[in-house]
Amino acid sequence: QVQLVESGGGLVQPGGSLRLSCAASRSIFSINTMGWYRQAPGKERELVAVITTGGTTNYAGSVKGRFTISRDNAKNTVNLQMSSLKPEDTAVYYCNAANYDYNAWGQGTQVTVSS
């Protein structure tokens, strides 16, 4: 079971940018899908972005064009570059690793977008 630790969250002004990082405790080379999810107060957890071993990406419509997900298998890390941030992006962001019948989550990192 891989352990995931998120970092990079914080307070940022609307229109600003932030990069989140997810460090895995072991190789992620064989993990098919790495992703980021988020949960805002009063809302269900939702998919933000995912990336496969082949580099295929999928984004939520609300972040498409503003966020970029990437993975570095050699460094066992997954990143989420966020730009043009909006107040509605405020949430706890969670890193996820998934294969068939395999699902691991990090503890989350808080992102607050406010002036």
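Note: the structure precedes this text.
Counting starts from 1 at the beginning of each chain's written sequence and moves along it residue by residue. Confidence filtering applies because this is a predicted model: local features only for residues at pLDDT of at least 70, side-chain atom pairs given and counted only at 80 or more, and all residues used for totals across whole chains, interfaces and linings. For the side-chain quantities, the full set of heavy atoms in the structure was used; hydrogens and water were omitted.

Participant: I would appreciate a short explanation of the pattern of salt bridges in the present structure.
Facilitator: Opposite charge on two side chains lets them pair, provided their charged atoms get close. The term salt bridge refers to a side-chain nitrogen of Lys or Arg lying within 4 Å of a carboxyl oxygen of Asp or Glu. Taken as a whole, this structure holds three salt bridges when the rule is applied. In this structure, the salt-bridge partner of Arg 38 is Glu 46, at a minimum N-O distance of 2.8 Å. The rule is simple: take the accessible area with a 1.4 Å probe, protein chains only, and divide by the maximum for that residue type; under 20% is buried, over 50% is exposed, in between is partly exposed. You can call Arg 38 buried: its relative accessible area is 6%. Overall, the relative accessible area of 35% leaves Glu 46 in the partly exposed class. Salt-bridge contacts for Asp 89 lead to Arg 38; the nearest nitrogen and oxygen are separated by 3.0 Å. On the criterion of sequence distance, the pair formed by Asp 89 in the loop between β8 (77-82) and β9 (91-99) and Arg 38 in strand β4 (residues 33-39) is long-range, its members being 51 residues apart. The class for Asp 89 is buried, based on a relative accessible area of 1%. Under the scheme used here, helices are H or I runs from DSSP no shorter than 4 residues and strands are E runs no shorter than 2 residues, and both carry numbers assigned from the N terminus.

Participant: Whenever I open this one, the environment of Ser 84 confuses me. Can you help?
Facilitator: Structurally, Ser 84 can be placed in the loop between β8 and β9. By relative accessible area, Ser 84 is classed as partly exposed at 43%. Residues Ser 84 and Gly 65 lie 19 residues apart in sequence; the distance between their C-alpha atoms is 9.4 Å.

Participant: So what exactly am I meant to see when it comes to the pairing of β4 here?
Facilitator: Where a strand is regular, its side chains alternate between the two sheet faces. Of all seven residues that make up β4, six are buried, and the element is covered over most of its length. As defined by bridge partners, β4 adjoins strand β5 (residues 46-52) across six bridges and the pair is classed as antiparallel. Each bridged residue has a counterpart across the sheet, and for Gly 35 the counterpart in β5 is Val 50. When DSSP finds two or more bridges between a pair of strands, those strands are recorded as paired. Count of turn residues in the β4/β5 antiparallel hairpin: six residues, of which Gly 42 carries a positive phi of about 75 degrees.

Participant: Could you clarify how one ought to interpret the sheet that holds strand β7 (residues 67-72) in this entry?
Facilitator: Strand pairing within a sheet occurs via backbone hydrogen bonds; the two strands may be parallel or antiparallel. The antiparallel open sheet is built from four strands, whose spatial order is β1-β3-β8-β7. The sheet terminates laterally at β1 (4-7) and β7, the two strands that pair on one side only. Between one strand and the next, the sheet's axes are offset by a mean angle of 15 degrees, whatever the strand orientation. Pairing of β1 with strand β3 (residues 18-24) involves four bridges; the strand directions are antiparallel. Residue pairing for β3: Glu 6 is matched across the bridge by Cys 22. To get an axis, a line is fitted to the C-alpha atoms, and for a helix only the part in contact is used. The angle between two axes follows their N-to-C directions and goes from 0 to 180 degrees.

Participant: What's the story with the packing of aromatic side chains in this structure? I'm lost.
Facilitator: Aromatic ring pairs are reported here in terms of the distance separating the ring centres and the angle at which the planes meet. Stacked, edge-to-face and tilted labels apply to pairs of Phe, Tyr and Trp rings (six-membered ring for Trp) whose centres lie within 6.5 Å, assigned for plane angles under 30 degrees, over 60, and everything in between, in that order. In the structure shown here, the tally under the stated rule is one aromatic pair. For the ring pair Tyr 37 and Trp 105, a centre distance of 5.0 Å and an interplane angle of 70 degrees mean the geometry is edge-to-face. One end of the pair, Tyr 37, is in strand β4; the other, Trp 105, is in strand β10 (residues 102-105), and 68 residues separate them in sequence. Sitting over the ring of Trp 105, Arg 45 keeps its end group 3.7 Å from the ring centre. Only when the NZ of Lys or the CZ of Arg is both within 6 Å of the ring centre and within 35 degrees of the ring normal is a charge said to sit over the ring.

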